[in-house]
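What follows is the residue order along each chain.
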Amino acid sequence: MFSKAKLVFLSVPKTGSTAYQEALAPHAAFVINHPPELKHSPVYRYNRFFRPMIDRFIGENLDIVAVMREPIDWLGSWYRYRQRPDLDGKTTSSKGITFDDFVAAYCHNDQPAFAKVGSQAKFLEPQRNGTAITHLFRYDDRAGLEKFLQERIGHAVQTKPRNVSRLGDLTLSDQTRAKFERKFGADITLWNGIGDNGNFIPAPPRPKP
């Protein structure tokens, strides 16, 4: 969070957030590195736990910036990440299954542990009280994001690669891709609505229960 710039940077998992945290930490009012549940706080968690404190001590209506990755590529990063050796033998390991099987499992209503990775659209979902992302950048628009951050915080931003997953076969069958597109259309729509300079077409707020 940047108090002078009136800006909050939410860390969507698997979008280079660790690299940005390290680059921006010297200029931030505070950075949350641990635990992962707080480091990667979605909009709804930020709204519930952090926004009231920030409103009181920093001010209201801060801008909120985040990064989104192309949805299939995002799942590919999770798939590769969960093949790391320290997960061998655990239910969260994706080792020994194909990417097609991983995405098919992700599409199940009852996802197995290795496929429970959340949803970017859910992470970025606006809240009914108006708390919402104000600037959304594509993962591959690093130049655009760094230009935006430099203009807002007044310092150049230079990131270094961190937590890069190893390469792997990310082939999807037409059937599995179609299933994913049907079930996670909100992610695809949000991704397709991202333009330049952090402009995007926001999803509607979560309806009242």
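In this report, we go over the structure that sits alongside the text. This one's a predicted model, so the numbers in the text were calculated from it and none came from an experiment.

Okay, the packing of aromatic side chains next. Evaluation of the coordinates by the stated rule reveals 11 aromatic pairs. Seen from their ring centres, Trp78 and Tyr81 are 6.1 Å apart, and the 75° between their planes marks the pair as edge-to-face. With Trp78 and Tyr81 both in helix α4 (residues 71–81) and 3 residues apart, the pair spans about one turn of that helix. Judged by relative accessible area, which is 12%, Trp78 ranks as buried. With relative accessibility at 31%, the residue Tyr81 sits in the partly exposed group. Every member of this aromatic cluster is reached through a ring pair, and the members are Tyr79, Phe99, Phe102 and Phe114. Sitting over the face of the ring of Trp78, Lys14 holds its NZ or CZ atom 5.8 Å from the ring centroid.

On to a nonpolar patch on the surface, then. On the surface, Phe30, Met53 and Phe57 cluster together to form a nonpolar patch covering roughly 310 Å² of accessible area. Positionally, Phe30 belongs in the loop between α1 (17–24) and α2 (36–39).

Right, let's get into the nonpolar core. Ranked by size, the top nonpolar core spans 37 residues in total, and within it Leu75, Phe102, Leu124, Ile133 and Leu136 carry the most contacts. If you list the elements that add at least two residues to this core, you get α3 (43–57), β2 (63–68), α4, α5 (99–106) and α9 (185–192). In contact with Leu124, other than residues within four places in its own chain, are Val12, Val43, Ala66, Met68, Ile133, Leu136 and Leu190. One finds Ala28, Leu145, Phe148 and Ile153 within the second-largest nonpolar core, a separate group that totals 16 residues.

Once that is clear, we can look at the side chain of His135. Its place among the elements puts His135 in strand β3 (residues 135–138). Ignoring anything within four residues of it in the chain, the contact list for His135 reads Asp63, Ile64, Val65, Ala66, Phe148, Arg152, Asn197, Gly198 and Phe200.

Pairing between sheet strands relies on hydrogen bonds along the backbone, with the strands arranged either parallel or antiparallel. Pairing is parallel in the open sheet, where 3 strands are placed in the order β1-β2-β3. Both outer strands of the open sheet, β1 (7–9) and β3, are each paired with one neighbouring strand and no more. Between one strand and the next, the sheet's axes are offset by a mean angle of 20°, whatever the strand orientation. Here β2 pairs with β3 via 4 bridges, running parallel. When the sheet's bridge partners are listed, Met68 is paired in β3 with Arg138.

About the criteria used
Residues numbered from 1 in each chain as written. Predicted model: local features only at pLDDT ≥ 70, side-chain atom pairs only at ≥ 80, totals over all residues. Heavy atoms only, no water. Phe/Tyr/Trp six-rings, centres within 6.5 Å; stacked < 30°, edge-to-face > 60°. Helix = DSSP H or I, 4+ residues; strand = E, 2+ residues; numbered from the N terminus. Buried < 20%, exposed > 50% of the residue type's maximum accessible area, 1.4 Å probe, protein only. Lys NZ or Arg CZ within 6 Å of the ring centre and 35° of its normal. Patch = residues over 30% accessible without salt bridge, like charges linked within 9 Å, V, L, I, M, F, W, Y side chains within 5 Å. Areas by Shrake-Rupley, 256 points an atom, 1.4 Å probe, with all protein chains shown as cover. Salt bridge = Lys/Arg side-chain N within 4 Å of Asp/Glu carboxyl O. Core = buried A, V, L, I, M, F, W, Y, C linked by side-chain atoms within 4.5 Å. Contact = heavy atoms within 4.5 Å. Pairing = 2+ DSSP bridges. Axes fitted to C-alpha atoms, helices over the stretch in contact; angles between N-to-C directions.

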